[in-house]
Amino acid sequence: DAGITQSPRHKVTETGTPVTLRCHQTENHRYMYWYRQDPGHGLRLIHYSYGVKDTDKGEVSDGYSVSRSKTEDFLLTLESATSSQTSVYFCAISESLGQETQYFGPGTRLLVL
Amino acid sequence: GENVEQHPSTLSVQEGDSAVIKCTYSDSASNYFPWYKQELGKGPQLIIDIRSNVGEKKDQRIAVTLNKTAKHFSLHITETQPEDSAVYFCAASAYSSASKIIFGSGTRLSIRP
């Protein structure tokens, strides 16, 4: 998986609790992304980062925040989890924004009860 | 913004036969079209990509065709094998500082023995 790890790999939480997912890369790629994958919707971009402390919103950013304090780490936070945020979350990295290969992590399966 | 539609959502073919997955895009500025394969329990992985300056690209049993006039592109897998069973995603992006890859909704391909 191109030097990308995600933690935790599985999480069950309750509605209203905060949740933080972590993505760590060893490739020194500039761009990092968080996607969610749901049946019938494919992969939808939540947020992405183009450098340390530089982030921007994707198409489904409501209810999510991100932070990148180091090149290798990109955190996704659900401030107050809802059942609609039950999904599989993938982190990805790339050297350019939209014109080169994206390398995906193994995913985090999140269940919000 | 860009919209990518992918068909069919599921596809079952006999081992040894060919499989074709089709995608359409809406943004005429799109010029990069990658295809990703996702095996069960893993993150998506790039299998082939094509840029707008060519109409077809092949890599062993996999080929992608692009029709810019009609704004559609297709993935062709010949002589299918059991290991081709997976979910396939098409995607599109345009060359600009703000463009991100937009993914189709995915096709679940099953190879019947």
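Look up: the structure comes first, before these words.
Let us look at the structure shown here. Predicted model only: the values in this text are computed from it and were never measured. (Residues numbered from 1 in each chain as written. Chains lettered and ligands numbered in written order. Predicted model: local features only at pLDDT ≥ 70, side-chain atom pairs only at ≥ 80, totals over all residues. Heavy atoms only, no water.)

### Concerning the overall build of chain B
Helix and strand counts for chain B come out as 0 helices and 11 strands. Counted from the first residue to the last, chain B has its helices and strands arranged as β-β-β-β-β-β-β-β-β-β-β. Here the C-alpha radius of gyration of chain B, 14 Å, is about what a compact globule of 113 residues would show, namely 13 Å. Principal axes of the C-alpha set define a box for chain B whose edges measure 45 × 30 × 20 Å. By residue count, 44% of the 113 residues in chain B fall in the buried class. Summarising the internal contacts of chain B: among those between residues at least 6 apart in sequence, 53% fall at separations of at least 24. Carbon and sulfur atoms form 47% of the exposed surface of chain B, whose accessible area is close to 5700 Å². One way to put it: in chain B the 12 positive side-chain charges average out to a point 4 Å from where the 12 negative ones average out. (Helix = DSSP H or I, 4+ residues; strand = E, 2+ residues; numbered from the N terminus. Rg over C-alpha atoms; globule rule 2.2 N^0.38 Å. Buried < 20%, exposed > 50% of the residue type's maximum accessible area, 1.4 Å probe, protein only. Contact = heavy atoms within 4.5 Å. Areas by Shrake-Rupley, 256 points an atom, 1.4 Å probe, with all protein chains shown as cover. Lys, Arg positive; Asp, Glu negative; His and termini not counted. Charge placed at Lys NZ, Arg CZ, Asp CG, Glu CD.)

### Brief notes about the sheet that holds strand S8 (residues 72–77) of chain B
All names here are of chain B. The strand order S1-S3-S8-S7-S6 describes an open sheet built from 5 strands, whose pairing is antiparallel. Bordering the open sheet on either side are strand S1 (4–7) and strand S6 (56–59), each of which pairs with just one other strand. On average, each strand axis in the sheet is inclined to that of its neighbour by 15°, with strand direction left out of account. Examined bridge by bridge, S1 and strand S3 (residues 19–25) share 4 bridges and lie antiparallel to one another. (Pairing = 2+ DSSP bridges. Axes fitted to C-alpha atoms, helices over the stretch in contact; angles between N-to-C directions.)

### Concerning the sheet that holds strand S3 (residues 19–25) of chain A
All names here are of chain A. What the 4 strands build is an open sheet, ordered S1-S3-S8-S7; its pairing is antiparallel. The strands lining the two open edges of the sheet, one partner per strand, are strand S1 (4–7) and strand S7 (64–70). The average angle at which neighbouring strand axes cross in this sheet is 20°, direction not considered. When S3 meets strand S8 (residues 73–78), the two strands line up antiparallel, connected through 6 bridges. By the bridge assignment, Thr20 is partnered in S8 with Thr77.

### A word on the environment of A:Gly16
Residues and elements named next belong to chain A. Looking at where Gly16 falls in the secondary structure, it is placed in the loop between strand S2 (10–13) and S3. Separated by 67 residues in the primary sequence, Gly16 and Ser83 place their C-alpha atoms 9.3 Å from one another. Among all residues touching Gly16, those that are not within four sequence positions of it are Ser80 and Ala81.

### Focus: the state of the cysteines
Scanning all chains against the criterion turns up 2 disulfides over all chains. One disulfide in the model links A:Cys23 with A:Cys91; its S-S distance is 1.9 Å. Across the disulfide from A:Cys23 to A:Cys91, rotation about the S-S bond amounts to roughly -70°, and the bridge is consequently left-handed. With a gap of 68 residues between them, A:Cys23 in strand S3 and A:Cys91 in strand S9 (residues 87–94) connect regions that are remote in the sequence. Comparing A:Cys23 with A:Cys91, the two get one shared label, buried. In this model B:Cys23 forms its disulfide with B:Cys90; the gap between the sulfur atoms is 2.0 Å. Residues B:Cys23 and B:Cys90 are joined through a disulfide that is left-handed, its torsion about the S-S bond being -100°. With B:Cys23 in strand S3 and B:Cys90 in strand S9 (residues 86–94), this pair connects stretches of sequence that are 67 residues apart. A relative accessible area of 0% means that B:Cys90 is categorised as buried. (Disulfide = S-S within 2.5 Å.)

### Looking at the nonpolar core
B:Trp35, B:Phe73, B:Leu75 and B:Leu109 are the most contacted members of the largest nonpolar core, which has 23 residues in total. If you list the elements that add at least two residues to this core, you get strand S2 (10–14), S3, strand S4 (30–38), strand S5 (45–51), strand S7 (62–67), S8, S9 and strand S11 (107–112) of chain B. Setting aside residues no more than four positions away along its own chain, B:Phe73 makes contact with B:Ile21, B:Lys22, B:Cys23, B:Tyr25, B:Phe33, B:Trp35, B:Thr65, B:Leu66, B:Cys90 and B:Ala91. Residues A:Ile4, A:Val66, A:Phe74 and A:Tyr89 belong to the second largest nonpolar core, which totals 19 residues. (Core = buried A, V, L, I, M, F, W, Y, C linked by side-chain atoms within 4.5 Å.)

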